[in-house]
Amino acid sequence: WLKTLTSFFFPRSQVGPAPAVSSSMPPASHHHRSRLKQVNKTHKDKSKPTAAKKRRGSSADTRVSLKRLDLTAIRKCDRKNAAVQLRKIKNQEIVFAKRLGGVGGIPPPKTVCIVAFHAAADALLVKRRILAACGLPDAEKTAAHVPIAVNLPPYAHQVGIVERKGQRIILWDPPRQPGNEWPTLDALKVSDVLLAVLPSDCTAEDPAFDEAGYALLSRAKGQGLPSSVVGAVVGLDSMPAKKKAEQKKMVHRYFVSDFPTQEKLCNADTESDVKNLVRTLSAATPKGMSWREDRGYVFADSLTVDPATRTVAVTGYVRGAGFSCKHYAHLTGHGNCSVRSIVRLPDPLLSRGEAEEVLEQVSAAPEEFDLKPLRPYDPTEQEQIMPTDEEIRDAERIRRRTRKIKVPKGMTSAGITDTELAWCEDASEEDDEEGSEPEEDVEMEDAAAASDAEDSEDQLEVVDADQVVTKDMVEAEKKKFQLEMRSREDMDFPDEVDTPLDIAARVRFQKYRGLESFRNSSWDPYEELPLEYSRIWEFENYDQTQRAFKKQFLADAQVTGGAGTSGMYCRIVLGDVPESLAQHPTNHPLILSSLYPAETKVSVMHSSIQRHDEYQEILTSKAEVVIQCGFRRFPVRPVYAEAGKRYAPDKKLKYARFLHQGITAVASWYGPIVFGPAPTIILAGPHYAAWGSVQPAAPTRLVIKRSLLTGYPFKTHKRKATVRFMFFDPDDIRWFKPVELVTKNGLRGHIEEPLGTHGYMKCRFNDYIRGDDTICLTLYKRQYPPWYPPSWGYPADYKVETLDDDAEPPRAG
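Cut-off values and rules
Residues numbered from 1 in each chain as written. Predicted model: local features only at pLDDT ≥ 70, side-chain atom pairs only at ≥ 80, totals over all residues. Heavy atoms only, no water. Helix = DSSP H or I, 4+ residues; strand = E, 2+ residues; numbered from the N terminus. Buried < 20%, exposed > 50% of the residue type's maximum accessible area, 1.4 Å probe, protein only. Contact = heavy atoms within 4.5 Å. Areas by Shrake-Rupley, 256 points an atom, 1.4 Å probe, with all protein chains shown as cover. Pairing = 2+ DSSP bridges. Phe/Tyr/Trp six-rings, centres within 6.5 Å; stacked < 30°, edge-to-face > 60°. Lys NZ or Arg CZ within 6 Å of the ring centre and 35° of its normal. Core = buried A, V, L, I, M, F, W, Y, C linked by side-chain atoms within 4.5 Å. Salt bridge = Lys/Arg side-chain N within 4 Å of Asp/Glu carboxyl O. Axes fitted to C-alpha atoms, helices over the stretch in contact; angles between N-to-C directions. Parallel < 35°, antiparallel > 145°, perpendicular 65-115°, else oblique. Nonpolar A, V, L, I, M, F, W, Y, C, P; charged D, E, K, R; others polar. Polar contact = N/O pair within 3.5 Å; in protein donor to acceptor, adjacent residues only side chain to side chain. Patch = residues over 30% accessible without salt bridge, like charges linked within 9 Å, V, L, I, M, F, W, Y side chains within 5 Å. Left-handed = near helix turned anticlockwise from the far one by under 90°.

*Asks:* Tell me about the overall build of the protein, residues and numbers included.
*Replies:* In terms of regular secondary structure, the protein is built from 17 helices and 31 strands. Across the 813 residues of the protein, 44% fall into the buried class. In the protein, the share of contacts with a sequence separation of at least 24, taken over all contacts with a separation of at least 6, comes to 74%. Only carbon and sulfur atoms are counted for the fraction: they give 51% of the accessible area of the protein, which is about 46300 Å².

*Asks:* A description of the pairing of strand β24 (residues 679-684) should follow, citing residues and the corresponding values.
*Replies:* The element β24 is largely enclosed, with a buried count of six among its six residues. The pairing of strand β19 (residues 625-629) with β24 spans four bridges and is antiparallel. Residue Cys629 lies in a different strand from β24, and its bridge partner there is Thr680. Examined bridge by bridge, β24 and strand β25 (residues 687-695) share six bridges and lie antiparallel to one another.

*Asks:* Please set out the packing of aromatic side chains residue by residue, giving values where relevant.
*Replies:* With the rule as written, the count across this model stands at 24 aromatic pairs. On the numbers, 4.9 Å between centres and 55 degrees between planes, the contact of Trp291 with Phe631 is tilted. Linking Trp291 in helix α9 (residues 290-293) with Phe631 in the loop between β19 and β20 (632-636), this pair joins segments that are 340 residues apart in sequence. No difference in accessibility class separates Trp291 from Phe631, as the two residues are buried. Aromatic side chains Phe509 and Tyr512 sit 5.4 Å apart centroid to centroid with 75 degrees between the ring planes, which places their arrangement in the edge-to-face category. Of the two residues, Phe509 and Tyr512, both sit in the buried class. In textbook terms, an aromatic cluster arises when at least three aromatic residues are bridged by ring pairs, as seen for Phe539, Tyr542, Phe549, Phe553, Tyr596 and Phe675. Lying across the ring of Trp537, Arg375 places its NZ or CZ 6.0 Å from the centre. If you follow Arg633 out to its NZ or CZ, it ends over the ring of Trp182, 4.3 Å from the centre.

*Asks:* I'd love a proper account of the pairing of strand β31 (residues 775-782), names of residues and values included.
*Replies:* In terms of burial, β31 is a largely internal element, eight of the eight residues being buried. Burial of the side chains of β31 extends over both faces: Ile775, Leu777, Leu779 and Lys781 are buried on one face and Cys776, Thr778, Tyr780 and Arg782 on the other. As paired elements, strand β26 (residues 703-717) and β31 share eight bridges and run antiparallel to each other. Bridging from a neighbouring strand, Ser707 pairs with Leu779 of β31. Where strand β28 (residues 741-743) meets β31, three bridges bridge the pair, whose relative direction is antiparallel.

*Asks:* So what's going on with the environment of Asp306? Which residues, and what values?
*Replies:* Secondary-structure assignment places Asp306 in strand β8 (residues 302-306). Sequence separation of Asp306 and Val573 is 267 residues, and the distance between their C-alpha atoms is 9.8 Å.

*Asks:* Requested: an account of the nonpolar core, with residues and values cited.
*Replies:* Counting residues in hydrophobic clusters, the biggest one holds 36 residues, and the most contacted among them are Phe117, Leu194, Leu198, Phe209 and Phe259. Looking at this core, the elements with two or more residues in it are β1 (110-116), α5 (182-189), β4 (193-199), α6 (211-223), β5 (228-234), α7 (241-258), β7 (296-299) and β24. For this core, the element with the highest residue contribution is α5, accounting for four residues. With sequence-adjacent residues up to four places away left out, Phe209 is seen in contact with Phe117, His118, Leu198, Tyr214, Leu217, Tyr254, Asp258 and Phe259. If you look at the next biggest cluster of nonpolar residues, it comprises 32 residues, including Ala321, Tyr615, Ile627 and Ala689.

*Asks:* Go over the pattern of salt bridges with me, naming the residues and quoting the values.
*Replies:* Enumeration over the complete set of coordinates arrives at 25 salt bridges. Between Asp731 and Arg734 there is a salt bridge; the shortest N-O distance is 2.9 Å. Highlighted residues: Asp731 and Arg734, both in helix α17 (residues 730-735), separated by three residues, approximately one helical turn. Look at the salt bridges and you will find they share partners, linking Asp495, Glu642, Lys654, Arg657 and Arg706 into a network.

*Asks:* An account of the sheet that holds strand β3 (residues 168-172) is needed here, citing residue identities and associated values.
*Replies:* Pairing in this open sheet of six strands is mixed, and the strands run β2-β3-β1-β4-β5-β6 from one edge to the other. Every interior strand has two partners, whereas the edge strands, β2 (148-151) and β6 (265-267), have only one. In this sheet, neighbouring strand axes are inclined to one another by 30 degrees on average, regardless of whether the strands run parallel or antiparallel. Two elements, β5 and β6, share three bridges in a ladder whose sense is parallel. Within β6, the residue paired with Ala232 across the bridge is Cys266. Of the strands in this sheet, β1, β2, β3, β4 and β5 touch helix α4 (residues 123-133), which is tilted by about 120 degrees from β4.

*Asks:* Would you mind going over the packing of α4 against helix α8 (residues 271-283) in detail, with residue names and values included?
*Replies:* Direction vectors running N to C along α4 and α8 enclose 85 degrees, while the axes themselves pass 9 Å from each other. It follows from the interaxial angle that α4 and α8 lie roughly perpendicular. Here Val126, Arg129, Ile130 and Ala133 of α4 come into contact with α8, specifically with Val274, Leu277, Val278 and Leu281. Of the residues belonging to the contact of α4 with α8, the class tally is seven nonpolar, no polar and one charged.

*Asks:* Any details on the side chain of Arg168? Residues and values, ideally.
*Replies:* By the secondary structure assignment, Arg168 is in strand β3. By relative accessible area, which is 6% here, Arg168 ends up buried. Engagement of the side chain of Arg168 in a polar contact is seen with the side chain of Asp347, the distance being 2.6 Å. Not counting residues up to four positions away in its chain, the partners in contact with Arg168 are Ile106, Pro107, Pro108, Pro109, Lys110, Val150, Asn151, Leu152, Tyr317, Asp347, Leu349 and Leu350.

*Asks:* Explain a nonpolar patch on the surface to me, and be specific about the residues and the numbers.
*Replies:* A contiguous nonpolar patch, built from Leu501, Phe725 and Phe728 and spanning about 250 Å² of accessible area, is present on the exposed surface. Along the chain, Phe725 turns up in the loop between β27 (720-724) and α17. With a relative accessible area of 33%, Phe725 lands in the partly exposed category.

*Asks:* Tell me about the packing of α5 against α6, and name the residues and values.
*Replies:* Close contact between α5 and α6 brings their axes to 10 Å; oriented N to C, the two are set at 35 degrees. Handedness of the α5/α6 crossing: right-handed. Contact with α5, carried on its side by Thr184, Leu185, Leu188 and Lys189, involves Leu216, Arg219, Ala220 and Gln223 of α6 and no other residues of that element. Partitioning the contact of α5 with α6 into residue classes produces four nonpolar, two polar and two charged.

*Asks:* Can you lay out the side chain of Glu599 for me, pointing to particular residues and giving the numbers?
*Replies:* Here Glu599 lies in the loop between β17 (591-594) and β18 (602-611). For Glu599, the side chain forms a polar contact with the main-chain nitrogen of Tyr596, separated by 3.0 Å. Discounting residues that sit within four places of it in the chain, Glu599 has contacts with Arg295, Arg632, Pro672, Ile673, Val674 and Phe675.

*Asks:* I'd love a proper account of unusual backbone geometry, names of residues and values included.
*Replies:* Cis geometry marks the peptide bond from Gly676 to Pro677, where omega comes out at 0 degrees. Its location among the elements puts Pro677 in the loop between β23 (664-672) and β24. Positive phi, normally seen in glycine, also occurs at Asp138, with a value near 55 degrees. Even without glycine at this site, Lys622 takes up a positive phi of about 70 degrees. Tracing the sequence through the fold places Lys622 in the loop between β18 and β19.

*Asks:* Any details on α5? Residues and values, ideally.
*Replies:* The element α5 is largely enclosed, with a buried count of eight among its eight residues. When α5 is considered as a whole, its buried residues turn out to be Trp182, Pro183, Thr184, Leu185, Asp186, Ala187, Leu188 and Lys189.

*Asks:* For the environment of Leu216, give the residues involved together with the corresponding values.
*Replies:* Along the chain, the position of Leu216 falls in helix α6. On the accessibility criterion, Leu216 (7% relative accessible area) is buried. Through-space distance from the C-alpha of Leu216 to that of Val115 is 9.7 Å; in sequence the pair is 101 residues apart. Apart from residues no more than four positions distant in its own chain, Leu216 is found in contact with Val115, Phe117, Glu181, Thr184 and Leu185.

Here is the structure:
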């Protein structure tokens, strides 16, 4: 049985003689030969072996030098990474040049504005120390308030981006004049870096920013600060070590509180400290301001007047989009002018031996655009409607200051009652209609009545009706005082007005109308427009026009001289210069900026503004203020309106008689067109009043004035009430009968009929009315800004009806 079992597990083909076993090796396990032996065919690779294969095949470790390495043998991912790095470097160079105001080539110098925010801080000292650290000879003799361009020393050069292109800065310290911050604000408009000079001996009682410094800082923040702000402290080196550390912490605390995103505070005492400050200024990377990127602007370092040709030459580095003789320019604080020629000059900081080159020149101002801001006046376009006889009588009645009625002879002002006065008034109107004439006109005075009582004839006297109501003047003053107090306490009805006693309400509010819903009711924007609208300009599609004009300007500026003028040192010759430029102070900065087409025209401008928190004076609509929009500023008389949550050109805005704190308002005025984006600041006298941004010009934007006529319940019964003190004439009640009434408690109602002759009326409401409620009648009318020609440089007495032949030339402004 053992043999049978062995043959079953081990067939005969696999059974053989047992191998010999060595005595020195342990016995191995039995191994079976594989039945399916497979051999794969090798790949026929006819290509040449690469360097990697050779290295793997060779026994010796042979390394190839990087200098002898074939770049074509680098892997694809490495080549792609190298291309990405080169592209990033080129993009950084372009962005850096654009941030400095240049487009291509060598960027213009970086402009550093040195501002002292305290009377104890010396900006001129810091300027001289920086110039000395840059290697400028006779830096201690540098004059104040003069821009100086200088090359940065090698130790301050940035590595990588513009290392081979040269790095330069322009230092400018504008004059510090408390109450007149325009020089510093103009300098900050074109600056890339703000160097804030602070005193070292500041305390909690004497902060690092004095009153004038805080006023300047608030205006600069409203206008827009440069993206890079660096602080400099002078005087810390003379203090003991312990006090020096404490004072630097104190100054740093003030600096960070007013510039939260900046932490670069440097000392400016020793030579090493000033060198570190120069390195910090060189490493400061400015970010572009959106409102000045698409415009060309020049910070003029010299001004030359040619009396023979009546032109002015401005020299400086061109930044932004550049200039073109096809478009007008603007001198900040003076007015518009034309560009006659643009000449490229050798860069004073680069010794290349270049000659002057005329890039563009014109013999006269461009014909497609003119400096006339208004449309021509055409008297034939006015509506010619003859007034009716009734309208003539109404106008004559309004023209009379006093209303005279007939009363029986001998009756004085003290003896007549209100009922008798109303009866005499009705009798007087009936006599006027019949054509009877009074025999004698006498004012209602006791002395005149006593003298007329001696006359024996039975005649009628004429009495001034205003003198009759004089006995109620005390009650009227009390009511006025109560309404003023109520308007301050009750924020639900801020537009309450008193019904006049000397003129009919239907005449006083004849331009008003009632609306079912202020938000949803329709209002035609071209209905009953004033005469001023025939002289201003309107865009059919503002957004599309703005894009087209910007595109046209950029195209013309880029082809000036073949490659544009951005980043070049040029001399720009101007014509049609305002006369006020002759009185421009030499120590004040002069800014020249380009204008888009149609920006010399006048339209209805709007700006979204907010009142400054520190301004405590009353700011009323139609009051004269100075408004600055970007590079331009001019006097205006705006009207204010409460802004909604979202901007809409066809949305109605509620007129605001006063600009209150804590609300976002819209200011509207007649003025030159300014294409946005542009920051806005408003100055009421020397005080900083408000800040905001420019909105599109829209003459059809509705500013609606609301007036609330209030009355009080005299008697109430369920849903009915007798209301008084809203009107004082039954005819006025019938005139305003279709207008809906509202109450302070939210009820709605309407007028049913007048009651008596003293202004009482019956009203019905949609719910029970209480006796302490207040009834309001809401009236609306459209409010327009006042016509103010000084906004575009015309005299203040310039009339709307003035023809173009009689118009005076623009003056300074």
